[in-house]
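Coordinate analysis (summary)
Read off the chains here:
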Amino acid sequence: MGIVACTRCTKAWPLGTQVCGRCGHALVSRDRMSLQRVWAFWVLGVICYVPANIYPMLKTQTLFQVDESTIIGGAVELATHGNLGIAAIILFASVVIPLGKFWAVAFLALSVQQPTGRGRHQRQVLYEIVEYIGRWSMIDIFVVAILSSLVQLNTLASIHPGTAAMFFALSVIFTMLAAQAFDSRMIWDVQAKTKPTGDRGSET
Amino acid sequence: MNDLAPDTSLPLAELIVCPQCDAAYHLKVPAHGERAICQRCGKVLIAPRRNAGLRIIAVSLAVVFLITGAAVFPFLTIDAAGNKNAVSVIDAALAFVGGPMILLSLTTAALIIVVPLARMLLTIYVLVPLVLDRPPARHAVKAFRLSEALRPWSMAEIFVIGCAIALVKVADLATVGFGPAFWMFGILVVLVIAQDNFMCKWSVWNALERPRRS
């Protein structure tokens, strides 16, 4: 159709317009750099996720001993104390969601590189879930922050954040950026490519 | 509702393009309470509500006060064998102080307090002139852009759930109780969701654009 649309305020402009005159957003018909940015942030996220699981997340100091627990170790400890529900929430927020996000972003990025017109709606839904749920991984960082400020009871007990907290936060932030860098319009382009008569610039 | 527009000769001002899947439609503004939804991917394009601007401003103001209060008052108190401690959100955010962890402190403080507060203030700044039928405030476009860019980084509601988990985690170590700030945060979460519900981005962009044309 020879138009390019603003992905922020939905206004249409003639093809070749650089900046949206309504909201000032940069206009790109298809962001070719999008996938590169997605993969760059994705790799950073995965790299940060490794030390986040190796190093201790919490250092608990009680009267006679110092405990260092990793993310999974802490959840297992909670489970053995009978707090199955909380252990499940922590495992879900810190292990299942991050791993699921890595898989989902990689899957979406690969799926638009190898055109298949199938499952567009499912992939769109998957993308929306990834965008929505990614922030919730931050919950573990907040729990660490709350615990280490709350449990400062002189010699009786004190909790300090471990190195893993920083890597975990970075991993969550990078994965969020990866999801944001993904141009969801590419999911729908694949359909236009498989139909040679389709109008590539803007499918109607 | 919007109709599919195969007619490409339409002026561009009468088009609306789905930001999610790039389908183009003939622009027809729905009535209050109605919603225009992309027929291809299901994205809500326009959803105007009656008096939405006023309601959003009211909610934003309430949230600003709640955040300020929630940041200062303690939200959790702990008591173990005579050792007492009460922490506010600011204490929690500054838990990582020391060494490179200071970055984490600043990030936490930003995500819980600064970003939500900034979003509310920007929203008020943008919407007040529009509701009063005045020309948009200076740099209103930039302000609204910033507010939208900050949306995913506003994590007050996640912090509330974090509080609950922290509470259970130390429950066997000491007696833990909720402070006033916890309830403020609870209300805040509901208000933020309500505000998101009233906010129609397209209507705001449209209102910001209109006076410039005349």
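Residues numbered from 1 in each chain as written. Chains lettered and ligands numbered in written order. Predicted model: local features only at pLDDT ≥ 70, side-chain atom pairs only at ≥ 80, totals over all residues. Heavy atoms only, no water.

With that settled, consider the packing of aromatic side chains. All names here are of chain A. Under the counting rule described, the total for this entry stands at 15 aromatic pairs over all chains. Relative to Phe174, the ring of Phe41 lies with its centre 6.3 Å away and its plane at 20°, an arrangement referred to as stacked. Note that Phe41 is positioned in helix H1 (residues 34-54) and Phe174 in helix H6 (residues 163-181), a separation of 133 residues in sequence. Taken together, the ring pairs in this structure connect Trp39, Trp42, Tyr49, Phe102 and Phe168 into an aromatic cluster. (Phe/Tyr/Trp six-rings, centres within 6.5 Å; stacked < 30°, edge-to-face > 60°. Helix = DSSP H or I, 4+ residues; strand = E, 2+ residues; numbered from the N terminus.)

What follows is about the interface of chain A and chain B. In this complex, chain A contributes 66 residues to the contact, which on the side of chain B involves 62 residues. For the pair chain A and chain B, the summed buried surface comes to about 5,600 Å²; carbon and sulfur atoms form 71% of the total. With a shortest N-O distance of 2.9 Å, B:Glu157 and A:Arg135 are connected by a salt bridge. Inspection of the chain A/chain B interface yields three residue pairs in polar contact (both at pLDDT 80 or more). Here the side of chain A that touches chain B is composed, by residue class, of 37 nonpolar, 21 polar and eight charged. (Contact = heavy atoms within 4.5 Å. Buried area = accessible area lost by both parts, 1.4 Å probe. Salt bridge = Lys/Arg side-chain N within 4 Å of Asp/Glu carboxyl O. Polar contact = N/O pair within 3.5 Å; in protein donor to acceptor, adjacent residues only side chain to side chain. Nonpolar A, V, L, I, M, F, W, Y, C, P; charged D, E, K, R; others polar.)

Once that is clear, we can look at the confidence of the model for chain B. Model confidence for chain B is summarised by a mean pLDDT of 80, while 92% of its residues fall at 70 or above. When the criterion is pLDDT under 50, residues 1-7 of chain B qualifies, and its contacts beyond four places in sequence or with other chains add up to 21 contacts. (pLDDT = per-residue confidence, 0-100.)

Further remarks concern the sheet that holds strand E6 (residues 74-80) of chain B. Read across the sheet, three strands follow the order E7-E6-E8 (chain B) without closing on themselves; strand pairing throughout is antiparallel. The strands lining the two open edges of the sheet, one partner per strand, are strand E7 (83-88) and strand E8 (175-178) of chain B. Mean inter-strand twist for the sheet, computed between neighbouring axes without regard to direction, equals 15°. Relative to E8(B), E6(B) runs antiparallel, the two being bridged by four bridges. Following the sheet pairing, B:Leu76 is matched in E8(B) by B:Phe178. Strand contacts of helix H5 (residues 139-150) of chain A: E6, E7 and E8 of chain B, with the helix running at about 50° to E6(B), the strand carrying the most contacts. Where helix H5 (residues 156-169) of chain B meets the sheet, its contacts fall on E6 and E8 of chain B, and the angle it forms with E6(B) comes to roughly 5°. (Pairing = 2+ DSSP bridges. Axes fitted to C-alpha atoms, helices over the stretch in contact; angles between N-to-C directions.)

Another point: the UniProt feature "transmembrane region" (unreviewed entry) in chain B. All names here are of chain B. UniProt feature "transmembrane region" (unreviewed entry): in the numbering of this structure it lies at residues 56-78, 153-171 and 177-194. In this annotation, residues 56-78 is assigned 74% helix and 22% strand; the end-to-end C-alpha distance for the span is 36 Å. As annotated, residues 177-194 comprises 83% helix and 11% strand, and the C-alpha atoms at either end are separated by 28 Å. (UniProt positions renumbered as here; feature names shortened; annotations may be inferred.)

To continue, consider helix H3 (residues 84-113) of chain A. With 30 residues, H3(A) should cover 44 Å at 1.5 Å per step; its first-to-last C-alpha distance of 41 Å lies within 8% of that length. Maximal helix bending in H3(A) amounts to about 40°, located at A:Phe92. (Expected span 1.5 Å × (residues − 1). Bend = angle between axes of the 7 residues up to and from the residue.)

Next up on the list: a nonpolar patch on the surface. All names here are of chain B. A cluster of nonpolar side chains, Ile90, Leu94, Val97, Ile102, Leu103 and Leu106, forms an exposed patch at the surface whose accessible area comes to about 530 Å². At three residues, the largest contribution of residues to the nonpolar patch is made by helix H3 (residues 102-131). Within the secondary structure, Ile90 is located in helix H2 (residues 89-93). Overall, the relative accessible area of 38% leaves Ile90 in the partly exposed class. (Patch = residues over 30% accessible without salt bridge, like charges linked within 9 Å, V, L, I, M, F, W, Y side chains within 5 Å. Areas by Shrake-Rupley, 256 points an atom, 1.4 Å probe, with all protein chains shown as cover. Buried < 20%, exposed > 50% of the residue type's maximum accessible area, 1.4 Å probe, protein only.)

Residue and element names in this part refer to chain A. Mapped onto this numbering, the UniProt entry annotates "transmembrane region" (unreviewed entry) at residues 39-58, 86-112, 133-153 and 159-179. In the segment residues 86-112, helix accounts for 100% and strand for 0%; the C-alpha atoms at its two ends are 37 Å apart. Between the end C-alpha atoms of residues 133-153 the distance is 35 Å, and the span holds 62% helix and 10% strand.

Residues and elements named next belong to chain B. Following both chains from N to C, one finds H3 and helix H6 (residues 180-198) inclined at 40°, their axes separated by 13 Å at the closest point. With respect to H6, the axis of H3 lies oblique. Once H3 is placed against H6, the crossing between them reads as left-handed. Residue-level contacts link Ile112, Arg119, Met120 and Thr123 of H3 to Phe185, Val192, Gln195 and Asp196 of H6. Of the residues assigned to the contact of H3 with H6, the class counts are four nonpolar, two polar and two charged. (Parallel < 35°, antiparallel > 145°, perpendicular 65-115°, else oblique. Left-handed = near helix turned anticlockwise from the far one by under 90°.)

So, on to the domain arrangement of chain B. Split into domains, chain B comes out as domain 1 (3-46) and domain 2 (52-208). Computed over C-alpha atoms only, the centres of domain 1 of chain B and domain 2 of chain B are separated by 33 Å. (Domains from an automatic or database assignment.)

Although it is not a glycine, B:His139 adopts a positive phi angle of roughly 60°. Residue position: B:His139 is located in the loop between H3 and helix H4 (140-150).

Core analysis: the biggest nonpolar cluster contains 131 residues, and A:Phe182, B:Phe75, B:Phe159, B:Phe185 and B:Leu208 have the highest contact counts within it. Here the element with the most residues in this core is H3(A); it accounts for twelve residues. With near-sequence residues (within four places) excluded, B:Phe185 lies in contact with B:Ala70, B:Val89, B:Ile112, B:Ala156, B:Phe159 and B:Val160. (Core = buried A, V, L, I, M, F, W, Y, C linked by side-chain atoms within 4.5 Å.)

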